[in-house]
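# Residue-level structure breakdown
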Amino acid sequence: MAEPRMEQLKQLPKRVFINYIDSYASKYIAKHLNRDELLSKLMDCDVVIYNITQHAEQVEEALWAVSALHDEMGRFPGPKMFILVSTVMTWACSKPVDPEDLDLPFTDEIFWRRQAHPNFQQHIDLEKRVVKMGKTNKMLFSTYVVASGLQYGMGEQVLHYFFKTSWLGQEHKIPVFGDGNNIVPMIHINDLASVIRNVIEHQPDPYYLLAVDYSNNTMEDIVKTIASVLGPGKIQKKPFEDAFLIHNWSVMEIDSMQVNLRMEGAHVKELLSVNWLCDSGLVQNIELVVEEYRQTRGLLPIRLCVLGPPAVGKSTVSKQICEHYKLHHITLKESISETISQLEDAVKSADPDAESEDSAAEAQELLSSLKDNMEQNGGLLDDQLLVKVLKDKLMSNPCRNQGFVLDGFPKTYKQAKELFYAEEHESEDGAAMIFSHSRRIIPEFVLCLDASDAFLKDRVMNLPEKLVQEHNYEPERFLRRLARYRESNLDDETVVHYFDELDISPLYLEITSVDEPDCLLLMQKIFDTVGQPRNYDPSIQEVEEEERRKAEERMKRDAQEKAEEERREAEEARHRAACWEEWTKGLERERQQQEELLEAESAPMRNYLMEHVMPTLTQGLIECCTAQPQDPVDFLAEYLLKNNPFNY
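Since we're looking at a predicted model, the values are computed, not measured.

Another point: the layout of surface pockets. Approximately 1,300 Å³ is the volume attributed to the second largest pocket. Along the walls of the second largest pocket sit 33 residues, with P232, K234, Q342, A346 and S396 positioned nearest its centre. Elements supplying a minimum of two residues to the lining of the second largest pocket: α7 (160-168), α9 (219-230), α14 (332-348), α15 (354-376), α16 (383-394) and α17 (397-401). Broken down by element, the lining of the second largest pocket gets its largest block of residues, 7 residues, from α14.

For the rest of this paragraph, the subject is the confidence of the model for the protein. On average, residues of the protein carry a pLDDT of 87, and 91% of them reach 70 or more. Confidence drops under pLDDT 50 across residues 23-33; counting only partners more than four residues distant or on other chains, this segment forms 6 contacts. A low-confidence stretch, residues 427-437 stays under pLDDT 50, and its non-local contacts, those more than four residues away or across chains, total 21 contacts.

So, about the nonpolar core. Of all hydrophobic cores here, the largest spans 77 residues; its most connected members are F82, F162 and L282. In contact with L282, not counting residues within four places along its chain, are Y152, L159, F163, M186, D213, N217, I222, I226 and V289. Among the nonpolar cores identified, the runner-up in size contains 34 residues, and C305, M374, I441 and V496 belong to it.

Glancing now at the packing of helix α5 (residues 58-71) against helix α6 (residues 121-133). Running from N to C, α5 and α6 cross one another at 10°; their axes reach a closest spacing of 10 Å. Here α5 lies roughly parallel to α6, going by the angle between them. Handedness of the crossing formed by α5 with α6: left-handed. Judged by residue contacts, V59, A62, L63, V66, S67 and H70 of α5 engage Q122, H123, L126, R129, V130 and M133 from α6.

Applying the stated criterion across every chain yields a total of 2 cavities of 30 Å³ or more. Quantified by volume, the largest cavity comes out at close to 140 Å³. Lining the largest cavity we find 13 residues, and of these T53, Q54, L150, V158 and S256 sit closest to its centre. Going through the elements one at a time, β6 (150-152) and α10 (251-257) are the ones with two or more residues in the lining of the largest cavity. Classifying every residue of the lining of the largest cavity by side-chain character gives 4 nonpolar, 8 polar and 1 charged. Estimated volume of the second largest cavity: approximately 40 Å³. Looking at the second largest cavity, the residues that line it are F162, V176, F177, M219, V223 and M257. Going through the elements one at a time, β7 (174-177) and α9 are the ones with two or more residues in the lining of the second largest cavity. Taken together, the residues of the lining of the second largest cavity sort by class into 6 nonpolar, no polar and no charged.

This next bit is on the sheet that holds strand β9 (residues 208-211). Ordered by their spatial adjacency, 5 strands build an open sheet running β1-β2-β3-β5-β9, and the pairing between neighbours is parallel. Where the open sheet ends on each side, the last strands, each with one partner, are β1 (16-18) and β9. On average, adjacent strands in this sheet sit at an angle of 20° to one another, irrespective of strand direction. Relative to strand β3 (residues 80-87), strand β2 (residues 47-51) is paired through 5 bridges, and the arrangement is parallel. Note that in β3 the partner of Y50 across the bridge is L84. This element, α5, spans β2, β3 and β5 (141-148) of the sheet and lies at about 160° to β2.

Take the packing of aromatic side chains next. Under the defined criterion, the tally for this structure stands at 20 aromatic pairs. A ring pair is formed by F420 and F499, whose centres lie 6.0 Å apart and whose planes are at 50°; its orientation type is tilted. Of this pair, F420 sits in the loop between α18 (413-419) and β15 (422-426) while F499 is found in helix α22 (residues 495-501), placing the two residues 79 residues apart along the sequence. Exposure remark for F420: the relative accessible area of 0% places this residue in the buried category. Grouped by ring-pair contacts, the aromatic residues W91, F106, F111, Y207 and Y208 constitute a single cluster. Across the ring face of F76, the terminal group of K80 is positioned such that the distance to the ring centre comes to 5.4 Å. In this arrangement the basic side chain of K164 is found over the ring face of Y536, its NZ or CZ atom lying 4.7 Å from the centre.

The subject of this paragraph is the sheet that holds strand β17 (residues 445-450). Pairing within the open sheet is parallel, and its 5 strands lie in the order β13-β14-β12-β17-β18. The strands lining the two open edges of the sheet, one partner per strand, are β13 (328-330) and β18 (507-510). Across this sheet, the average inter-strand angle for adjacent strands is 20°, counted without regard to direction.

Moving on: the pairing of strand β14 (residues 403-407). Along any regular strand the residues' side chains alternate between the sheet's two faces. Counted residue by residue, β14 has 5 buried out of 5 residues, so it is predominantly covered. Burial along β14 is two-sided: the residues G403, V405 and D407 and F404 and L406 are all buried. Of the pairings in the sheet, the one linking strand β12 (residues 302-307) to β14 comprises 5 bridges and is parallel in character. Paired with V306 across the two strands is D407, which belongs to β14. In this structure, β13 lies alongside β14, joined through 3 bridges in parallel fashion.

Attention shifts here to the packing of helix α25 (residues 614-627) against helix α26 (residues 632-642). Running from N to C, α25 and α26 point in directions that differ by 135°, and their axes come no closer than 9 Å. Here α26 runs oblique to α25, going by the angle between their axes. Considering only the axes of α25 and α26, their crossing is right-handed. The segment α25 lies against α26, with T616, L617, Q619, G620, L621, E623, C624 and A627 engaging P632, F635, L636, Y639 and L640.

In this fold, T53 is placed in the loop between β2 and α5. Note: C-alpha distance between T53 and S86 (33 residues apart in sequence) is 5.4 Å. Beyond its immediate chain neighbours, meaning those up to four positions away, T53 contacts V85, S86, T87, S148, Q151 and M252. Of the polar contacts made by the side chain of T53, one reaches the side chain of N51; its length is 2.7 Å. Side chain to side chain, T53 and Q151 meet in a polar contact 3.1 Å long.

Here is what the cut-offs are and how they apply
Residues numbered from 1 in each chain as written. Predicted model: local features only at pLDDT ≥ 70, side-chain atom pairs only at ≥ 80, totals over all residues. Heavy atoms only, no water. 1 Å grid on protein atoms, 1.4 Å probe; cavity = no way out; pocket = protein on both sides within 12 Å on 5 of 7 lines; lining within 4 Å. Points joined across faces, edges and corners; volume = space filled by probe spheres on them. Helix = DSSP H or I, 4+ residues; strand = E, 2+ residues; numbered from the N terminus. pLDDT = per-residue confidence, 0-100. Contact = heavy atoms within 4.5 Å. Core = buried A, V, L, I, M, F, W, Y, C linked by side-chain atoms within 4.5 Å. Buried < 20%, exposed > 50% of the residue type's maximum accessible area, 1.4 Å probe, protein only. Axes fitted to C-alpha atoms, helices over the stretch in contact; angles between N-to-C directions. Parallel < 35°, antiparallel > 145°, perpendicular 65-115°, else oblique. Left-handed = near helix turned anticlockwise from the far one by under 90°. Nonpolar A, V, L, I, M, F, W, Y, C, P; charged D, E, K, R; others polar. Pairing = 2+ DSSP bridges. Phe/Tyr/Trp six-rings, centres within 6.5 Å; stacked < 30°, edge-to-face > 60°. Lys NZ or Arg CZ within 6 Å of the ring centre and 35° of its normal. Polar contact = N/O pair within 3.5 Å; in protein donor to acceptor, adjacent residues only side chain to side chain.

This is the structure:
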């Protein structure tokens, strides 16, 4: 009678409680929901799931929850199930199953032999309490422990550092902390959910289950695979102690990455019908996991193509878009130079092993083809090699991660078709389907800039000579390029027509001014069309670093402005002193000239007086002084009249 009743209860819809469903909401449980209220919620649920794999502080709450429910069994309206999602770290220090065969895996059939990592002693104690409480009355209160491998998928948790570092592309090598030879038991988060769902539905007899996939990947394998698909493809081993320097990594996560266990979930394999998503592990399913990571975190690439006549401002607009969205600016010249440089490095640094020799030979062959072709075409590449170089660039991990702005290419319908060609296949139901060989590089947005010929000519005439030389905007060459562009856009098949065929509607933008307000309006229109950035928000450390950088730049700019002001004032002071000195010298020269002129003009008069007047006058004055008359003026007058030399 009891068994049909249990089967009937299994089929009824169940209310499930899951702890710590998101960290934001959980912050407020302690503030707004006391333990009595929480217990009443748990009593209303048929299944209570506590996950203690990521947050050690949940161990204490899980112990309280299972103990409280155990004490309240007499008030249960029906059977309840408690599932503890624990971690394989409670096995981390277990002795080998067979010392003579270290490859023999641990299984959940021998869970009683497990020994926990010292930092996970609370976890194993909780596992034992949960198992013990489930034995009191299994028909009324059943308990299960699901020991989960390190979880991955759907945005990542423990491995997020490696995914993020690879995706950002700021490191040339992705670090592996320690020797990387440790085997890490893992499980995709969806597969873990499937295991738990099966436990709820089937209620197996074993109460301790290992939830791990069938992979035995080492930490080095895992990081190298992530780096290959998302990042630079290279790894660098570092001392394990360096892991403690990584921001936002807890000790619990660091310990988990050091685990070295070969495990097999025997009960899960034999008793449960798990619909596995990634039974072969992360390494074998890396493309799926990476796509989940991108979709879950919204890290989708933004791909743009900017077209237009020469000198319309394609590069200026492209650079501003790249700066706003943190994209990669792709130009023909830089892509060719970068490809040649990379090929030269690949040839020089080739390893002697066979695989590297083959790669080096391929690099040497392509390098020779590029150089020979450029030499034959006056420094230019023909379309076939040019498209190959650009396609390889656009398919690189950085462009696939963040996205790109393709500046001024393709120029013709043929180039566009070769670069973004699509192959048509037939689906199983007979419908035609388009699968693009290069669907990962087809632009989402196409910007068509244009301006009048008069505006473009005037703009080129006012460019600095350096820019004219850099962009080959010499008058005759520029006019030829402009005429070629106008002529090519009159063809029946143009680049814009190609994008129209792919249902990509170009955004047409008319450039009529280079004034800053008009440029800001233009960029805002582009930003509104493209939408919000699809990138990582800056971390607290990055925000602080950016603020510090801006403050340093501001201080440096202020210091430069102050130094410039002081230099200008000193220059003005020197200029004033020089002017004053010159003015003073001029005045002195003018005074001397006036004195000389006066001297020259007064010489005849002085000579006349000295010859005809001064001798008699001087003698009269002497006589006056000798006689000292009462009226000296009258005396002098009479003397002059009497002794006038011209008085005949």
